[in-house]
Amino acid sequence: MILRAFLSAILVAVVSQAAPMKALLIDGRNNHDWKATTPVLKKLLEETGLFEVTVVTAPPDNEALKSFQPRFAGYNVVVLNYNDFGPQNAGDWPEATQNDFLGYVKNGGGVVSYHAADNAFPKWPEFNQVIGLGGWGGRNEKDGPYLRWRDGALMKDSTPGIAGSHGPRHPFVIEIRNANHPITKGLPEKWMHATDELYDRLRGPGENLTLLATAFSAPDQKGTGENEPILFTIQYGKGRVFHTTLGHDTAAMQCVGFIVTLQRGAEWAATGKVTQKVPADFPGPDKVSLRQ
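Residues numbered from 1 in each chain as written. Predicted model: local features only at pLDDT ≥ 70, side-chain atom pairs only at ≥ 80, totals over all residues. Heavy atoms only, no water.

Colleague: Explain the sheet that holds strand β2 (residues 51-57) here, please?
Modeller: One key point about sheets: their strands pair by backbone hydrogen bonds, in either a parallel or an antiparallel sense. Strand order in the open sheet made by the 9 strands is β2-β1-β3-β4-β11-β10-β9-β7-β8, with mixed pairing throughout. The outermost strands of the open sheet, each flanked by one partner alone, are β2 and β8 (190-196). Averaged over all pairs of adjacent strands, the angle between strand axes in this sheet comes to 20°, irrespective of strand direction. Taken together, the 7 bridges between strand β9 (residues 209-216) and strand β10 (residues 227-236) define a ladder with antiparallel strand orientation. If you follow Ala-213 over to β10, its bridge partner there is Leu-231. Relative to the sheet, helix α6 (residues 256-271) contacts β1 (21-27), β2, β3 (77-80), β4 (110-114), β8, β10 and β11 (239-244), its axis offset from that of β11 by approximately 170°. (Pairing = 2+ DSSP bridges. Helix = DSSP H or I, 4+ residues; strand = E, 2+ residues; numbered from the N terminus. Axes fitted to C-alpha atoms, helices over the stretch in contact; angles between N-to-C directions. Contact = heavy atoms within 4.5 Å.)

Here it is in structure tokens:
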């Protein structure tokens, strides 16, 4: 009996290691170059050995989009490389797909909101609950406050104004604000990110949100003079959401800081824990670290 139990345990362990989690990556519409960034996202997730990634591409024409209905059930995490940036928000998903997505997350499905995915669906209130903060698409104070890191604490700022902005692309320092979260545990307190867009003035409901990291939006880079949310998580029902504003293009995605936080964030969204170690080439506060 003891031998049988021992062998069964080994078999379960082997099967678990051999069966990666399933990730669904949605693209097809974006005001960014999704055709270039989707293969990178897929590669980065699969190279962890934790994920098998399926890409679903939304159709380009609005009539076909009316029947766009990916099957979320059965996936451990959904990665969004999608937005509907354009006239009249023409990239809205049909109502049935919206309901399926919300049901998936509420019942425990994981989500990764990658970079400009937070531009999506400004008129869909529940989506904005899922991602916590968003920008552009006509968002303003009606959609929720700004979130500010001031005097060592996160605060809400209801000042009227636009949602979503950034200055010219440049390298910037990211500061960890929650060193105990599984995604950020073990990362340096400060690290230099590669040339990228530094999103500022994001606003939204910001409910059940845990801030992980900020970056200073410098006025000399046409920024706000605020420490802006860069990495954060949201609890939506039973679902876990990791939101990264980083990764405008494939050059920015070479930053080891982006790579590691994406990989760890996806694992956390899928499982609630992180097993990946912090690599030796993770950047420090003074120098960018890149992988080709």
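Picking up after the structure, the text goes on.
Colleague: Would you mind showing me how to read α6 here?
Modeller: Every α-helical turn comprises 3.6 residues, leaving residues that sit three or four positions apart pointing alike. Taking 1.5 Å per residue as the helical rise, α6 with its 16 residues ought to reach 22 Å, and the 22 Å between its terminal C-alpha atoms agrees with that figure. Burial within α6 is extensive, with 15 of its 16 residues counted as buried. Within two residues after α6, Gly-272 carries a phi angle of roughly 85°, on the positive side. (Expected span 1.5 Å × (residues − 1). Buried < 20%, exposed > 50% of the residue type's maximum accessible area, 1.4 Å probe, protein only.)

Colleague: Sorry, what's going on with the pattern of salt bridges here?
Modeller: Any two side chains of opposite charge can pair if their charged atoms end up close together. Scanning all chains against the criterion turns up 13 salt bridges. Between Glu-46 and Lys-42 there is a salt bridge, with its nearest N and O atoms 3.2 Å apart. In this pair, Glu-46 and Lys-42 are both assigned in helix α2 (residues 34-46), 4 residues apart and thus about one turn of the helix distant. Judged by its relative accessible area of 28%, Lys-42 is partly exposed. Here the salt bridges share partners, and the residues they tie into one network are Arg-148, Arg-150, Asp-157, Glu-226 and Glu-228. (Salt bridge = Lys/Arg side-chain N within 4 Å of Asp/Glu carboxyl O.)

Colleague: So what exactly am I meant to see when it comes to the pairing of β11 here?
Modeller: Of all 6 residues in β11, 6 are buried; the element is thus mostly enclosed. Across the two faces of β11 the burial is the same, with Gly-239, Val-241 and His-243 and Arg-240, Phe-242 and Thr-244 all buried. Where β4 and β11 come together, 4 bridges link them in parallel fashion. Its bridge partner lying in β11, Val-111 is registered against Val-241. Direction of pairing for β10 relative to β11: antiparallel, over a ladder of 6 bridges. Bridging across to β11, Ile-234 finds its partner in Val-241. The antiparallel hairpin formed by β10 and β11 contains 2 residues in its connecting segment, where Gly-237 sits at a positive phi of about 60°.

Colleague: What should I look at first to understand α2 in this one?
Modeller: In this model α2 runs 18 Å from its N-terminal to its C-terminal C-alpha over 13 residues, within 8% of the 18 Å that 1.5 Å per residue would give. What α2 keeps buried is the set Trp-34, Thr-37, Thr-38, Leu-41, Leu-44 and Leu-45. Taken around the axis of α2, the buried residues stretch over an arc of 135°, which confines them to a single face. Buried-residue contacts for α2 involve β1, β2, β3, β4 and α6. (Arc of directions from axis to C-beta.)

Colleague: When you look at the environment of Glu-95 in this model, what are you seeing that I'm missing?
Modeller: Among the secondary structure elements, Glu-95 is positioned in helix α4 (residues 95-106). The exposed category is assigned to Glu-95, whose relative accessible area is 59%. Each C-alpha atom, one on Glu-95 and one on Gly-164, is 26 Å from the other, the two residues being 69 residues apart in sequence.

Colleague: For this particular structure, what's the right way to read the side chain of Asp-118?
Modeller: Its place among the elements puts Asp-118 in the loop between β4 and α5 (125-131). Buried Asp-118, no salt bridge; nearest opposite-charge side chain is Arg-139, N-O distance 6.6 Å. Non-local contacts of Asp-118, meaning those with residues more than four positions away in its chain, are made with Ser-113, Ile-131, Leu-133, Gly-134, Gly-135, Arg-139, Tyr-199, Leu-202, His-243 and Thr-245. (Lys, Arg positive; Asp, Glu negative; His and termini not counted.)

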